[in-house]
Amino acid sequence: MTTPVKSRLSPLSYLIFSSRWLQLPLYLGLIVAQGIYVVQFVRELWHLLITTLFHNGIDATAGGESAETTIMLTVLGLIDVVMISNLLVMVIVGGYETFVSRLKLDGHPDQPEWLSHVNATVLKVKLAMAIIGISSIHLLATFIKADGMGNQTIMWQILLHLTFVVSAVALAYIDRLTQPLSKHAAAH
């Protein structure tokens, strides 16, 4: 087993290459944001439990929605928080691994499967797919409460969702065009 030889970098090259570490506070900030999402999830879940179990169901007069609709919207909100948290994990772990430094997780039993073949393009496609999922949850919530929303608001949300879908398809297509054929054949 040979150890890789460190090449001597010029001072400017070293400075430019080391500048990637300026992203570290950004990833740490995203970890804090994920903690805030955990707190939000627990608050929403607690509110759902308390309201449902100890107040004879959810007050149907609040907002003019039935108890079932209110529960469904709350659960969709919980799913939304989980999906955003998943998106944060992809950005934190994948972004750090791709742009800052290796995490050295090879052989770790909890290493995410997708991390072994992550690069900037794969990360963009995965993020686009996660954004579509989050947008789908919001669109479903919009359809559930469509009676209280204006048609123009619903139309803009649908157009925004379709824009996300078209963008994700375009990213995946561009990725496919830029990758050698043998790499795609080996992946399937």
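Our subject is the structure listed above.
If you're wondering where the values come from, they're calculated on a predicted model, not measured in any experiment. (Residues numbered from 1 in each chain as written. Predicted model: local features only at pLDDT ≥ 70, side-chain atom pairs only at ≥ 80, totals over all residues. Heavy atoms only, no water.)

Q: Sorry, what's going on with the overall build of the chain here?
A: On a plain count of helices and strands, the chain comes out with six helices and zero strands. Going residue by residue from the N terminus, the α and β elements of the chain occur as α-α-α-α-α-α. Within the chain, the fraction of its 188 residues that count as buried is 26%. With the model as given, the accessible surface of the chain reaches about 13,400 Å², and the carbon-plus-sulfur share is 68%. (Helix = DSSP H or I, 4+ residues; strand = E, 2+ residues; numbered from the N terminus. Buried < 20%, exposed > 50% of the residue type's maximum accessible area, 1.4 Å probe, protein only. Areas by Shrake-Rupley, 256 points an atom, 1.4 Å probe, with all protein chains shown as cover.)

Q: What is the right way to read the nonpolar core from this model?
A: Grouped burial of nonpolar side chains is what soluble globular proteins tend to show. Core analysis: the largest hydrophobic core is formed by ten residues, namely I84, L87, M90, W114, L115, V118, L123, L127, A130 and I134. Secondary-structure elements contributing two or more residues to this core are helix 3 (67–100) and helix 4 (120–144). Setting aside residues no more than four positions away along its own chain, A130 makes contact with M83, L87 and M90. (Core = buried A, V, L, I, M, F, W, Y, C linked by side-chain atoms within 4.5 Å. Contact = heavy atoms within 4.5 Å.)

Q: Explain the environment of Y96 here, please?
A: Relative to the elements of secondary structure, Y96 occurs in helix 3. Since its relative accessible area comes to 15%, Y96 is described here as buried. Distance from Y96 to R20, taken between C-alpha atoms, is 9.5 Å for residues 76 residues apart in sequence. Those residues in contact with Y96 that lie beyond four places of it in its chain are W21, L24, Y27, V91, S101 and L103.

Q: How should I be thinking about the packing of helix 2 (residues 24–54) against helix 3 in this particular structure?
A: Two quantities define a packed helix pair, namely the angle between the axes and the distance from one axis to the other. As a packed pair, helix 2 and helix 3 sit with axes 10 Å apart at the nearest point and diverge in direction by 165°. Classified by the angle between their axes, helix 2 and helix 3 sit roughly antiparallel to one another. Like other packed secondary-structure pairs, helix 2 and helix 3 cross with a definite hand, here left-handed. Tallied by class, the residues present in the contact of helix 2 with helix 3 amount to 22 nonpolar, five polar and one charged. (Axes fitted to C-alpha atoms, helices over the stretch in contact; angles between N-to-C directions. Parallel < 35°, antiparallel > 145°, perpendicular 65-115°, else oblique. Left-handed = near helix turned anticlockwise from the far one by under 90°. Nonpolar A, V, L, I, M, F, W, Y, C, P; charged D, E, K, R; others polar.)

Q: Before we go on, may I ask you to explain the side chain of S135 in this structure?
A: By secondary structure assignment, the location of S135 is in helix 4. By relative accessible area, which is 12% here, S135 ends up buried.

Q: When you look at a nonpolar patch on the surface in this model, what are you seeing that I'm missing?
A: On the surface, F143, M155, W156, I158, L159 and L162 cluster together into a nonpolar patch covering about 570 Å² of accessible area. For L162, the location among the structural elements is in helix 5 (residues 151–178). (Patch = residues over 30% accessible without salt bridge, like charges linked within 9 Å, V, L, I, M, F, W, Y side chains within 5 Å. Salt bridge = Lys/Arg side-chain N within 4 Å of Asp/Glu carboxyl O.)

Q: Looking at this structure, I do not really get the packing of aromatic side chains. What am I missing?
A: When we look at a pair of aromatic rings, we describe it by the centre distance and by the angle of the planes. Evaluated as defined, the whole model comprises two aromatic pairs. Both rings, one in W21 and one in Y96, keep their centres 6.2 Å apart while their planes meet at 75°; by these two values the pair is edge-to-face. Taken together, the residues W21 in the loop between helix 1 (11–18) and helix 2 and Y96 in helix 3 connect sequence positions 75 residues apart. Every member of this aromatic cluster is reached through a ring pair, and the members are W21, Y27 and Y96. (Phe/Tyr/Trp six-rings, centres within 6.5 Å; stacked < 30°, edge-to-face > 60°.)

Q: What is the right way to read the packing of helix 4 against helix 5 from this model?
A: Direction vectors running N to C along helix 4 and helix 5 enclose 160°, while the axes themselves pass 9 Å from each other. Here helix 5 runs roughly antiparallel to helix 4, going by the angle between their axes. Regarding helix 4 and helix 5, the two cross each other, and that crossing is left-handed. Residue composition of the contact of helix 4 with helix 5, by class: 14 nonpolar, seven polar and two charged.

Q: What am I meant to see in the environment of V38 here?
A: For V38, the position within the fold is in helix 2. As for V38 and S85, which are separated by 47 residues in sequence, their C-alpha atoms are 8.2 Å apart.

Q: Looking at this structure, how should I read helix 5?
A: Residues three or four positions apart in an α-helix share a direction because the helix packs 3.6 residues into each turn. In this model helix 5 runs 40 Å from its N-terminal to its C-terminal C-alpha over 28 residues, within 8% of the 40 Å that 1.5 Å per residue would give. All of the buried residues in helix 5 are I154, H161, A168 and D175. (Expected span 1.5 Å × (residues − 1).)

Keep in mind that these numbers describe shape and distance, not what the molecule does.
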